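Summary of the model geometry
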Amino acid sequence: MPLHNPPIAQVQMLIRRPVDEVFTAFVDPAVTTRFWFTRSSGMLVPGKEVNWEWQMYGVSAVIFVKEVDPNRRILIEWGQPARTVEWLFSARADNTTLLQISERGFQGSDDEIVAQALDSKGGFTLVIAGLKALLEYDLSLNLVADQHPDAHHSAGS
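A quick note: this is a predicted structure, and the numbers were derived from the prediction, not measured.

Residue position: Lys 132 is located in helix 3 (residues 110–137). Classification of Lys 132 as buried rests on a relative accessible area of 18%. Among the polar contacts listed, one links the side chain of Lys 132 to the backbone oxygen of Leu 14, at a separation of 2.7 Å. Excluding its chain neighbours within four sequence positions, the residues that come into contact with Lys 132 are Met 13, Leu 14, Ile 15, Arg 16 and Tyr 137.

Here you go:
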């Protein structure tokens with residue numbers, strides 16, 4: 001059965017912290033490395049290319065920062081072929097933030113596209129849960145690192 005509407009990986013979560021703290025957690029690698037990737041070549045600035053690394057897996061991704069609207073939106077492209085990831089930050093009256101993340105532009109056969117979207121949704125679910133634990137409880141849960149412990153590279157690899 002062919003796809004008529006390409007899937008979009010979407011996740012959202014209420015984070016019980018002010019919008020500026022939630023936004024900063026994604027643009028400032030000093031925070032992001034505490035819940036997602038392990039190293040970054042810099043902050044997210046429009047027009048800039050940034051390299052993100054997951055050292056435990058021996059992988060990296062080149063990120064092209066398309067848009068940054070402080071405390072509202074981040075838009076990047078990554079991967080080959082390029083996929084688009086968008087973060088939307090909605091400040092709420094009770095000083096909390098509704099965070100929404102979506103990824104689109106998956107390529108390949110219909111089965112490959114569906115598998116990529118499901119994998120992306122699972123990955124961003126871990127990222128957003130890790131962020132929530134960090135910002136609300138100051139806990140680093142190591143969710144991304146612990147998802148595939150047998151895939152970790154040893155120090156000598």
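On to helix 3, then. Over its 28 residues, helix 3 runs 40 Å from end to end, which matches the ideal 40 Å to within 8%, given 1.5 Å per residue. A positive phi of about 55 degrees marks Asp 138, the residue just after helix 3.

Attention now goes to the pairing of strand 4 (residues 59–69). Summarising the sheet, strand 3 (residues 49–54) and strand 4 pair through 6 bridges and their orientation is antiparallel. The residue of strand 4 that forms the bridge with Asn 51 is Val 62. What sits between the antiparallel neighbours strand 3 and strand 4 is a turn of 4 residues, in which Gly 58 has the positive phi angle 70 degrees. In sequence, strand 4 turns back onto strand 5 (residues 73–78) through a hairpin of 3 residues, with Asn 71 there showing a positive phi of about 65 degrees.

Glancing now at the packing of aromatic side chains. Between two aromatic rings, the relevant description is the distance of the centres plus the angle of the planes. All told, the structure shown has 16 aromatic pairs when counted by the stated rule. Ring geometry for Trp 52 against Trp 78: centres 6.0 Å apart, planes inclined by 80 degrees, an arrangement best described as edge-to-face. One end of the pair, Trp 52, is in strand 3; the other, Trp 78, is in strand 5, with 26 residues separating them in the sequence. We note that Trp 52, like Trp 78, is buried. One aromatic cluster is present, formed by Phe 23, Phe 26, Phe 35, Trp 36, Phe 37, Trp 52, Trp 54, Trp 78, Trp 87, Phe 89 and Phe 124 through successive ring pairs.

Attention now moves to a nonpolar patch on the surface. A grouping of Leu 3, Val 114 and Leu 118 is seen on the molecular surface, where their side chains present a nonpolar patch of about 240 Å² in accessible area. Here Leu 3 is to be found in the segment before strand 1 (9–15).

Calculation notes
- The written sequence of each chain sets the order in which its residues are numbered from 1.
- Local features are withheld for residues below a pLDDT of 70 in this predicted model, meaning they are given only at 70 or higher, and side-chain atom pairs are given and counted only at 80 or more; totals for whole chains, interfaces and linings count all residues.
- Derived side-chain values reflect all non-hydrogen atoms in the structure, with water molecules and hydrogen atoms excluded from consideration.
- Put simply, DSSP H or I for four residues or longer makes a helix, DSSP E for two residues or longer makes a strand, and each gets a number counted from the N terminus.
- Accessible area is worked out with a 1.4 Å probe on protein chains only. A residue is then buried under 20% of its type maximum, exposed over 50%, and partly exposed in between.
- By the criterion applied in these results, polar contacts are pairs of N or O atoms within 3.5 Å in which, for protein atoms, one can donate a hydrogen and the other can accept it, and in which residues neighboring in sequence qualify only through two side-chain atoms.
- Note on definitions: a residue-residue contact is assigned when non-hydrogen atoms from the two residues lie within 4.5 Å.
- The length a helix should cover is 1.5 Å for every residue beyond the first.
- Strand pairing follows a simple DSSP-based rule, namely that at least 2 bridges must link the two strands.
- Centre distance within 6.5 Å is the pairing criterion for rings of Phe, Tyr and Trp, where only the six-membered ring of Trp is used; planes under 30 degrees apart are then read as stacked, over 60 as edge-to-face, and the remainder as tilted.
- Patch definition: residues above 30% relative accessible area lacking any salt bridge, with like charges linked at up to 9 Å and the nonpolar side chains Val, Leu, Ile, Met, Phe, Trp and Tyr linked at up to 5 Å.
- Accessible surface area values rest on a Shrake-Rupley calculation with a 1.4 Å probe, where residue burial reflects the displayed protein chains alone.
- By salt bridge we mean one thing: a side-chain nitrogen of Lys or Arg within 4 Å of a carboxyl oxygen of Asp or Glu.

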